[in-house]
Amino acid sequence: LLINFANEKLQATFNQHVFAAEQELYAAEGIAWRSVRWPDNSETIGLIASKERGRAPGVLHLLDETSRLPNQTDADFNKRVHDAHGAATALRRPDPRARAAKFAVRHYAGEVTYNAAGFLDRNNGTVSADLVTLLGSSAHTLLAAAFAAAAAEPSTPAAAAESAKSSTPRRPLDLTTPR
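Residues numbered from 1 in each chain as written. Predicted model: local features only at pLDDT ≥ 70, side-chain atom pairs only at ≥ 80, totals over all residues. Heavy atoms only, no water.

Q: Looking at this model, I keep getting lost on the packing of helix 1 (residues 2-29) against helix 2 (residues 42-49). Mind explaining?
A: A pair of packed helices is characterised by two quantities: the angle between their axes and the separation of those axes. Axis separation between helix 1 and helix 2 bottoms out at 10 Å; the angle between their running directions is 145 degrees. Pair helix 1 / helix 2 crosses with left-handed handedness. Packed against helix 1, whose contacting residues are F5, E8, K9 and A12, the element helix 2 presents T44, I45, I48 and A49 at the interface. (Axes fitted to C-alpha atoms, helices over the stretch in contact; angles between N-to-C directions. Helix = DSSP H or I, 4+ residues; strand = E, 2+ residues; numbered from the N terminus. Left-handed = near helix turned anticlockwise from the far one by under 90°. Contact = heavy atoms within 4.5 Å.)

Q: Could you clarify how one ought to interpret helix 2 in this entry?
A: Residues that lie three or four places apart on an α-helix share one face, since the helix turns once every 3.6 residues. Buried residues of helix 2: T44, I45, G46, L47 and I48, and no others. Of the surrounding secondary structure, the elements contacted by the buried residues of helix 2 are helix 1, helix 3 (59-68), helix 4 (74-85), strand 1 (91-92) and strand 2 (102-107). (Buried < 20%, exposed > 50% of the residue type's maximum accessible area, 1.4 Å probe, protein only.)

Q: Would you mind going over helix 1 with me for this structure?
A: Look at helix 1: 39 Å from first C-alpha to last across 28 residues, which is about the 40 Å you get at 1.5 Å a residue. The principal kink in helix 1, of about 30 degrees, is found at Q16. Along helix 1, the residues classified as buried are F5, E8, Q11, N15, A20 and Q23. Turning to helix 1, the residues buried within the fold contact helix 2, helix 3 and strand 2. Positive phi shows up at G30, right after helix 1, with a value of about 75 degrees. (Expected span 1.5 Å × (residues − 1). Bend = angle between axes of the 7 residues up to and from the residue.)

Q: Would you take a moment to explain the nonpolar core for this structure?
A: Core analysis: the largest hydrophobic core is formed by 19 residues, its most contacted members being V59, F77, V81, F103 and F119. Elements with a minimum of two residues in this core: helix 2, helix 3, helix 4, strand 2 and helix 5 (119-122). In contact with V81, not counting residues within four places along its chain, are V59, L62, G86, L91 and F103. (Core = buried A, V, L, I, M, F, W, Y, C linked by side-chain atoms within 4.5 Å.)

Put into structure tokens, the structure is as follows:
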């Protein structure tokens, strides 16, 4: 989805610079020309990334929001996409049998069907246990200190449940704010 979103933004930028800007320049210079029409992909860009007040949140914002809520599933995320953007022409209706698990987006280059399975897991922002252990053992003091506590965290749900019974609750690792 992110790669296709980047392509949509690139295509919109290309259209603006090549078509719109050149037509404005021709008009300003009085050059005779014939207007060129091109597909407008702004609805698709909005479907994916809108965060404007008064508009339904884009797919990326719905994904972020759903990821932050407790007990949400990929099916919940997919339902939110369909509920929020059901009337959008850029959101295509997949086969009714697949609607619970998929959504389709009309991109500039063509329609792409996305399987919502795994979207929440890929968006949860966790770092693999191996990487945490590696960074926790770094010779760089700051890296080692930042990841040492995280390296001691249980890595499996069963270990986490066992640890929760015998210890105080732990905060998630937050590297986004300076200490």
